[in-house]
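Coordinates in review
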Amino acid sequence: AQSVTQLDSQVPVFEEAPVELRCNYSSSVSVYLFWYVQYPNQGLQLLLKYLSGSTLVKGINGFEAEFNKSQTSFHLRKPSVHISDTAEYFCAVSDPGVTGGGNKLTFGTGTQLKVEL
Amino acid sequence: ETGVTQTPRHLVMGMTNKKSLKCEQHLGHNAMYWYKQSAKKPLELMFVYNFKEQTENNSVPSRFSPECPNSSHLFLHLHTLQPEDSALYLCASSQDFRGYGYTFGSGTRLTVV
């Protein structure tokens, strides 16, 4: 079964500074990778996804992530954060190579990003 | 508005009560899901429905009973719950079983007293 590790439970950063949120997944021949954001009292919103093709994926709100197969990582980055980016961020993986695995997302424990003035 | 609507937003119930959570999607998706989100734990997949058929039951206790009458509606019937069942219950949908990303609802915050 797939697993996802988000090593950082909290990441504090000053406004306009760059940020990287780390995500590692257990190895598999084929994977789909996702980043979701959750604002307080809301559901999860898709930031970006990697299905195939270019390893650098651009998403909404200026975020991007890079798929690194050799390191089984999918780290999320933003060059300059804003106060409004304060939220919890979840990395998720699915395994389309397994029958029925494409639509079963496995989530990490989340990283709380806190942007300070 | 995310296209996936969950009601109620908040629910407090006693351990002997019976209640139901409702999820409705207006996206034309054919797959729907229930997830449980507890503090400090990863989201837990509970049930998967593809084209109204249940294709996944992730060892969920029988006090949780899902129902999917059509591709647009999903229910979670609750009875004789335990305090540890208190959590945020999230509904999601996707185009189909290939899972190119979900659309989530805002969730129902359930408190069992």
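Thresholds, definitions, all that
Residues numbered from 1 in each chain as written. Chains lettered and ligands numbered in written order. Predicted model: local features only at pLDDT ≥ 70, side-chain atom pairs only at ≥ 80, totals over all residues. Heavy atoms only, no water. Helix = DSSP H or I, 4+ residues; strand = E, 2+ residues; numbered from the N terminus. Rg over C-alpha atoms; globule rule 2.2 N^0.38 Å. Buried < 20%, exposed > 50% of the residue type's maximum accessible area, 1.4 Å probe, protein only. Contact = heavy atoms within 4.5 Å. Areas by Shrake-Rupley, 256 points an atom, 1.4 Å probe, with all protein chains shown as cover. Lys, Arg positive; Asp, Glu negative; His and termini not counted. Charge placed at Lys NZ, Arg CZ, Asp CG, Glu CD. Salt bridge = Lys/Arg side-chain N within 4 Å of Asp/Glu carboxyl O. Buried area = accessible area lost by both parts, 1.4 Å probe. Polar contact = N/O pair within 3.5 Å; in protein donor to acceptor, adjacent residues only side chain to side chain. Nonpolar A, V, L, I, M, F, W, Y, C, P; charged D, E, K, R; others polar. Pairing = 2+ DSSP bridges.

What follows deals with the overall build of chain A. Check the secondary structure of chain A and you find zero helices and 12 strands. From first element to last, N terminus to C terminus, chain A shows the α and β order β-β-β-β-β-β-β-β-β-β-β-β. Its C-alpha radius of gyration of 14 Å places chain A within 12% of the 13 Å reference for a compact globule of 117 residues. Along the three orthogonal principal directions, the C-alpha set of chain A runs to about 45 × 30 × 25 Å. In chain A, which comprises 117 residues, the share counted as buried stands at 45%. Counting only contacts in chain A whose residues sit at least 6 apart along the sequence, the fraction spanning at least 24 positions is 57%. Surface summary for chain A: the accessible area is close to 5,600 Å², and the carbon and sulfur share equals 51%. Side-chain charges in chain A split into 8 positive and 10 negative, and the spacing between the mean points of these groups amounts to 8 Å.

This part is about the pattern of salt bridges. Should the charged atoms of two oppositely charged side chains come close, the side chains can pair. Residues and elements named next belong to chain A. Scanning the entire structure with this criterion turns up eight salt bridges over all chains. Salt-bridge contacts for arginine 22 lead to aspartate 8; the nearest nitrogen and oxygen are separated by 2.9 Å. Of this pair, arginine 22 sits in the loop between β3 (19-21) and β4 (24-25) while aspartate 8 is found in the loop between β1 (4-5) and β2 (10-14), placing the two residues 14 residues apart along the sequence. For aspartate 8, a relative accessible area of 21% translates into the label partly exposed.

Attention shifts here to the interface of chain A and chain B. Tallying the contact residues gives 19 residues for chain A and 23 residues for chain B. Contact between chain A and chain B buries roughly 1,600 Å² in total, counting both sides, with carbon and sulfur atoms accounting for 54%. Inspection of the chain A/chain B interface yields one salt bridge. Residues A:Lys104 and B:Glu56 are paired through a salt bridge, measuring 3.2 Å at the closest nitrogen-oxygen approach. Linking chain A with chain B are six residue pairs in polar contact (both at pLDDT 80 or more), by the criterion used here. Looking at the side of chain A that touches chain B, the elements that each hand over two or more residues are β5 (32-38) and β6 (44-50) of chain A. Its residues assigned to classes, the side of chain A that touches chain B shows nine nonpolar, eight polar and two charged.

With that out of the way, let us pick up the pairing of strand β8 (residues 73-79) of chain B. Sheet topology places strand β3 (residues 18-25) of chain B next to β8(B); seven bridges connect them, and they run antiparallel. When the bridges of β8(B) are listed, B:Ser20 appears paired with B:His77.

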